[in-house]
Amino acid sequence: NQSSTDTMPTVDMSSSDIDTQMFNDTINTLDSRFRDPNEVVFLMNPDQVQKYAFDLTQREDPLGASVIMGDSDLTPFSYDVVGVPEWPTSYAMLTDPENLAWGLYENMELDQTQDTDKVYENRLHSRNWLEGQFDFQVRNMQAGVLVENLAAP
């Protein structure tokens with residue numbers, strides 16, 4: 001675990017699968033000020049979510065049956081698990097989604113065309129193309145935990 005305010009605390013899974021211990025370690029790594037289960041969620045690749053759900057179905061108890069039947073949400077320790085398409089499979093994150101930001105920067109270019117067949121055919125005012133650069137950032141590094149080195153799903 002790291003404590004600098006410019007780096008996010010981490011949990012290293014050493015190529016292990018997602019399991020209950022990972023959820024517990026990640027929650028305990030997050031500063032208690034940020035642990036509101038109504039705001040904070042686990043973000044990970046949908047393939048990892050599916051693998052975790054499948055692993056739960058292997059349990060011979062009521063939870064395994066309810067996951068298979070779709071009667072149980074994946075909410076370890078009352079925290080939601082959200083599958084994010086294109087999220088890298090070797091990482092997960094526990095944070096409030098509002099803690100993640102993206103912004104446009106540098107020169108924004110707008111190209112507008114009014115005199116084309118496509119504009120006339122569809123009775124449009126114009127066709128527009130917007131080009132620019134954008135980047136992602138974490139607003140408060142201490143309000144999240146990065147889980148790294150997850151086993152492939």
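Refer to the preceding data block for the structure.
Described in the following lines is the structure provided in the data block.

Criteria and cut-off values
- Residues numbered from 1 in each chain as written.
- Predicted model: local features only at pLDDT ≥ 70, side-chain atom pairs only at ≥ 80, totals over all residues.
- Heavy atoms only, no water.
- Helix = DSSP H or I, 4+ residues; strand = E, 2+ residues; numbered from the N terminus.
- Expected span 1.5 Å × (residues − 1).
- Buried < 20%, exposed > 50% of the residue type's maximum accessible area, 1.4 Å probe, protein only.
- Polar contact = N/O pair within 3.5 Å; in protein donor to acceptor, adjacent residues only side chain to side chain.
- 1 Å grid on protein atoms, 1.4 Å probe; cavity = no way out; pocket = protein on both sides within 12 Å on 5 of 7 lines; lining within 4 Å.
- Points joined across faces, edges and corners; volume = space filled by probe spheres on them.
- Nonpolar A, V, L, I, M, F, W, Y, C, P; charged D, E, K, R; others polar.
- Salt bridge = Lys/Arg side-chain N within 4 Å of Asp/Glu carboxyl O.

1. Description of helix α2 (residues 46–57)
For α2, built from twelve residues, the straight-helix expectation of 16 Å at 1.5 Å per residue is met to within 8% by its first-to-last C-alpha distance of 17 Å. For α2, every residue scored as buried is listed here: Q48, V49, Y52, A53, L56 and T57. A side-chain oxygen of the first residue of α2 lies 2.7 Å from the backbone nitrogen of D47; this N-cap is N45.

2. Here we look at unusual backbone geometry
A positive phi angle is found at E86, which is not glycine, with a value near 75°. Position of E86 relative to the elements: it lies in the loop between β3 (80–83) and β4 (91–95). Look at E86 and you get exposed, because its relative accessible area is 78%. Positive phi values are uncommon outside glycine, yet N149 reaches one of about 60°. Judged by relative accessible area, which is 35%, N149 ranks as partly exposed.

3. Regarding the layout of surface pockets
Of the voids in this model, the largest pocket is the one considered here, and its volume is about 220 Å³. Lining of the largest pocket is provided by W87, M93, L100, A101, W102, F136, Q137 and V138. Of all the secondary structure elements, the ones that give two or more residues to the lining of the largest pocket are β5 (100–113) and β6 (127–138). Residue composition of the lining of the largest pocket, by class: seven nonpolar, one polar and no charged.

4. A closer look at the pattern of salt bridges
The full count for this structure, using the stated rule, is three salt bridges. Two residues, D55 and K51, come together in a salt bridge whose shortest N-O distance is 3.2 Å. With a gap of four residues between them, D55 and K51 both fall in helix α2, about one helical turn apart. Among the charged side chains, a salt-bridge network with shared partners connects D17, K51 and D55.

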